[in-house]
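# Reading the structure
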Amino acid sequence: MPIALWHWQEIGVAVKPSTPVVALFAFVLFASGSLLTESAAAAREADVVLGPTKNTRLQDGANALLVGNAEDGVRLTLEGLNVARGTREKRSALSNLCAGYLMLELLDKALFYCNEALSFTENNWRAYNNRALIYVLQEKFEEAEQDLQTCERIHPNARQTKMVRRILRDQVDPVVPVIVIDDRRPSRNTSVDDE
Amino acid sequence: MIADPHETQVSTMNRALTVLATYLLATPLYADADSVVEYVGRNYGDRISLRTVVPKYPDKALLERIQGAVEVCFKINRGGKPYGVAVRKSDHRIFERVAREAVRSSRFEAIPRGKEVPKVKMCRTYHFRLESAEFAADTT
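The following paragraphs examine the structure supplied in this document. Remember, it's a predicted structure, so these values are computed and weren't measured experimentally. (Residues numbered from 1 in each chain as written. Chains lettered and ligands numbered in written order. Predicted model: local features only at pLDDT ≥ 70, side-chain atom pairs only at ≥ 80, totals over all residues.)

## Some remarks on helix H3 (residues 96-105) of chain B
Residue and element names in this part refer to chain B. Rules: Counting other C-beta atoms within 10 Å of a residue's C-beta gives its exposure: the residue is buried at 20 or more, exposed at 12 or fewer, and partly exposed in between, where C-beta atoms are placed from the backbone. Every helix listed is a DSSP run of H or I at least four residues long, and every strand listed is a run of E at least two residues long, numbered separately from the N terminus. It is the directions from the helix axis to the C-beta atoms whose arc is reported. Once C-beta atoms are placed from the backbone, any two residues with those atoms within 7 Å are in contact.
Taken together, the buried positions of H3 are occupied by Val 98, Ala 99, Ala 102 and Val 103. All buried residues of H3 lie within an arc of 135° about the axis, which places them on one face of the element. Buried residues in H3 make contact with strand S3 (68-76), strand S4 (82-90) and strand S6 (122-132).

## Here we look at the packing of helix H3 (residues 70-82) of chain A against helix H4 (residues 86-103) of chain A
Residue and element names in this part refer to chain A. The test is simple: A fitted line through C-alpha atoms represents every axis, and for helices the fit uses only the stretch in contact; the resulting angles, taken between N-to-C directions, go from 0 to 180 degrees. Geometric relationships in this document are graded by angle, where less than 35 degrees denotes roughly parallel, more than 145 denotes roughly antiparallel, 65 to 115 denotes roughly perpendicular, and other angles denote oblique. Note: crossing handedness is left-handed where the near helix turns anticlockwise from the far helix by less than a right angle, and right-handed where it turns clockwise. Ten residue types, Ala, Val, Leu, Ile, Met, Phe, Trp, Tyr, Cys and Pro, are classed as nonpolar, four, Asp, Glu, Lys and Arg, as charged, and the remainder, Gly among them, as polar.
Contact geometry of H3 with H4 gives a least axis separation of 9 Å together with a crossing angle of 155°. Comparing the axis directions of H3 and H4 gives the class roughly antiparallel. Every pair of crossing elements has a handedness; the one defined by H3 and H4 is left-handed. Residues Ala 70, Gly 73, Val 74, Thr 77, Leu 78, Gly 80 and Leu 81 of H3 lie in contact with H4, whose contacting residues are Lys 90, Ala 93, Asn 96, Leu 97, Gly 100, Tyr 101 and Met 103. Per-class residue counts for the contact of H3 with H4 are eight nonpolar, five polar and one charged.

## Describing the sheet that holds S3(B)
Selection rule: Pairing between strands is defined by DSSP: at least two bridges between them are needed.
Taken together, the five strands give an open sheet; going across it, the order is S1(B)-S1(A)-S6(B)-S3(B)-S4(B), and neighbouring strands pair in mixed fashion. Edge positions in the open sheet fall to strand S1 (36-40) and S4 of chain B, since each of these has one partner strand only. Averaged over neighbouring strand pairs, the angle between their axes works out to 20° when direction is ignored. By the bridge criterion, five bridges tie strand S1 (residues 175-182) of chain A to S1(B) in an arrangement that is parallel. Paired with A:Ile181 across the strands is B:Tyr39, a residue of S1(B). Most of the contacts of H3(B) go to S4(B), to which it runs at about 150°, and overall it touches S3, S4 and S6 of chain B.

What is shown is where atoms sit, not what they do.
This is the structure:
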């Protein structure tokens, strides 16, 4: 899963083991490991307005999502949302719910929470990234393209965005790698002794 | 002098097996099962290619739809192993490492002792292309 983290834990998840997506999963799973490390670093370095102990449900929900336990993650995050204080907590909860429902392949619910998360701020690239993936899975490619462009404008080098970009490309314009080995033309008849 | 029919038969069989083995060994090895590989001729004088390793299309290049070609030049020692492998021309650095490694892993027929090793630098060009999957499906 391409998990994106925001401060201590906002998660973007790409889940859908459909044919074009399957090939990415190995990399995605690999990426998630390093992102867990990033999350720890981010937790240490972040200007923590919302400490991990402020909303333990939200924290536990995010941790559950990080380890792939989408059902518990969504349940805990919903509980965390009910007691969320402030915009940032709510925004994180909504964004994580988008990711969690995406993991559960409940795309309509995921889309709803992504839209809710984006209603708080237009700079939440993770929510755009998740929504782009939802659109790809729903085969709404134009909408996905728009969200990806927004993502790339906000965070040009986000790994998760690049992965969704690839998924979209594979859907819209699938390609086959071709490697031609051309032995016909020696560059020059250079004797080894000449060098 | 009349040849022994049995000996002739064995000799023919040996030759056939040798040709078959050479053919199998000379078949490019597929580094990436999803790639289409085309092998265009050879021009190595006395050095027969026994094992041609196909580089894997780099994931990043695939992701970013990068295409290009890399010409790798090298020499071949008596045992058939390439050495002095170096990139001579390259459209994009992303392909250089896989191209060099593919050449290093390739093998050529050894030169028997007593016979001179051709001291000619060889060059092999790898073209990394992306074709529309629909087009590729139509042509197969």
